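Analysis of the macromolecular model
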Amino acid sequence: MERRMYTLTLLSLVLSGVGAVFVSIPEKVYEFARGDNITIPCTFKPKGPPKYVVILWSVEAAVVGAKEINIVTYYSDDDTTDIKALYEGRLSLDVDVPAGKANLKLSNIKLEDNKLFECRLLIPLDDEGTPAATTRLVVLVAPSTPICKMQGKAEYGKNVNLTCLSKEGSPTPTYTWQSQDVRSMPRVRDPRTTDKGGILSLYNISKDTSGYYICTSTNKIRSASCNITLTVMPPSMNIGSTAGIIGGVVALLIVLIIVIYCCCCRKKKKKEEEYTMGVREEEFSDKEPARNGDGRRPDGHEDPQGYDDSSVRRSPVERNDRNEERSERDYDRHKDNEDGRSDYNDRRSDYDDRRSDYDDRRSDYGDRRDRPSDRNERYDDDPHHDDRRDRRSDVDDRRDRRSDVDDRYDDRRDRRSDVDDRYDEPYDDRDRPPVPANKPTRRQNDE
């Protein structure tokens, strides 16, 4: 009894399926290269000869939950085909209702055609069975050359990510990373390193992490690669602190240069003042004209600087002894040095210059000395001419003393000329005076 009931149920199901519509597509996935002209076949079997048939082709993106879009519709009553503007010029239908054929033709396929296609049959009063079938179109596109980038700072102890991405590629390419050291030798990857979706993550990098990193993008058609060089450096200082240090160093150098320049200028000025003071003392000691007992010049004017005329009032014997002592000291100094003669010539030239200067001053003094004589006639009419005459008498006395000084100076110049003649003779032909036992060295004399 149970066996008979099972047989009757199975027979009823078979008989009911014979009268249902059936739509099919031979392949679940079709793969074609970009730019090809393709045909996706679709066949159908109605329950009986249909009087009216509607054939629909729609697409749906591969993303889950994407919206379905009708791209073409065929109506058998008037044999018309309605194609959407998005596929106008690239899509057509090959329909044969009696033969049960509704093939989709698509030309010059693009990467955007990489979608899910559905063929559906609509027959009035016949909606049981399998009225639709789907297939997947895969447009094969070789991966474009990937772009390698680095995210993060390549410094000791930091974490960085190396990214690799191809803008095109269908099926979606897979990415693999390879690492080489600075000598272009392959090396084992650190266990902490992760590689996912073209992102290579490096943790706690060090100097040993430096090297070359190669990324390869691959799909069914072919592969492409890119590389990046990673150079791990010590931690860099902050830009603000670096600029502050540089500015401080520059300011310190400027201050140091200014201090050195001021010291040099001060030292040079001090030397010039010492030299000028030394020359002035020598000039005043040898060339300053005589003054009256009250500090006045022979022309009756007071000296505002109050120079000491002790050098003029010094006795001839003291001046002569001093000059002879100076000459003897210069002679000993030049004798100790082989180059003393050139030094003496320099001093001699200096002495001649001062002597010329002295002659000029003496001439000037002579001119001033003649001025009182020119004013004698006016002094005679002056009721106070007696006082002036006495003053002029003092001037005449001083002039006589100056004449004596000039005579002594001429005598000393003659002796100097004799000394010069001796220096002009060969050194070996001179009479060498005995050298005192306690004679100091030239360095001590200079000090």
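Up top you'll find the structure we're talking about.
Residues numbered from 1 in each chain as written. Predicted model: local features only at pLDDT ≥ 70, side-chain atom pairs only at ≥ 80, totals over all residues. Heavy atoms only, no water.

So, the overall build of the chain
- When you go through the chain residue by residue, the secondary structure sums to eight helices and 19 strands.
- Relative to its full complement of 447 residues, the chain shows a buried share of 28%.
- Taking as baseline every contact in the chain between residues at least 6 positions apart, the subset at least 24 positions apart corresponds to 61%.
- Within the structure as shown, the chain displays about 30,400 Å² of accessible surface, and the carbon and sulfur contribution to it stands at 51%. (Helix = DSSP H or I, 4+ residues; strand = E, 2+ residues; numbered from the N terminus. Buried < 20%, exposed > 50% of the residue type's maximum accessible area, 1.4 Å probe, protein only. Contact = heavy atoms within 4.5 Å. Areas by Shrake-Rupley, 256 points an atom, 1.4 Å probe, with all protein chains shown as cover.)

Section: the sheet that holds strand β15 (residues 174–180)
- Ordered by their spatial adjacency, three strands build an open sheet running β15-β18-β19, and the pairing between neighbours is antiparallel. Strand pairing shows two members of the sheet lacking a second neighbour, β15 and β19 (223–230), which therefore form its edges. Strand-to-strand twist across the sheet, computed as the mean angle between neighbouring axes with direction ignored, equals 20°.
- Judged from the seven bridges that link them, β15 and strand β18 (residues 211–218) form a sheet pairing that is antiparallel. Considered in β18, the bridge of Thr 174 is made with Thr 218. (Pairing = 2+ DSSP bridges. Axes fitted to C-alpha atoms, helices over the stretch in contact; angles between N-to-C directions.)

Here we look at the side chain of Asp 113
- Relative to the helices and strands, Asp 113 resides in the loop between β9 (101–106) and β10 (116–122).
- Note on Asp 113: relative accessible area 2%, which makes it buried.
- Not counting chain neighbours up to four residues away, the residues in contact with Asp 113 comprise Tyr 87, Arg 90, Leu 106, Leu 137 and Val 139.

Topic: the side chain of Ser 58
- Its location among the elements puts Ser 58 in strand β5 (residues 54–60).
- Side chain to side chain, Ser 58 and Glu 68 meet in a polar contact 2.5 Å long.
- Once residues within four sequence positions are removed from consideration, Ser 58 is found in contact with Glu 68, Ile 69, Asn 70, Ile 71, Leu 116, Phe 117 and Glu 118. (Polar contact = N/O pair within 3.5 Å; in protein donor to acceptor, adjacent residues only side chain to side chain.)

So, the sheet that holds strand β14 (residues 160–165)
- With antiparallel pairing, the four strands of this open sheet are ordered in space as β13-β14-β17-β16. A single partner strand is all that each edge strand has here, and the edge strands are β13 (147–151) and β16 (194–196). Neighbour-to-neighbour, the strand axes of this sheet turn through a mean angle of 15°, independent of strand direction.

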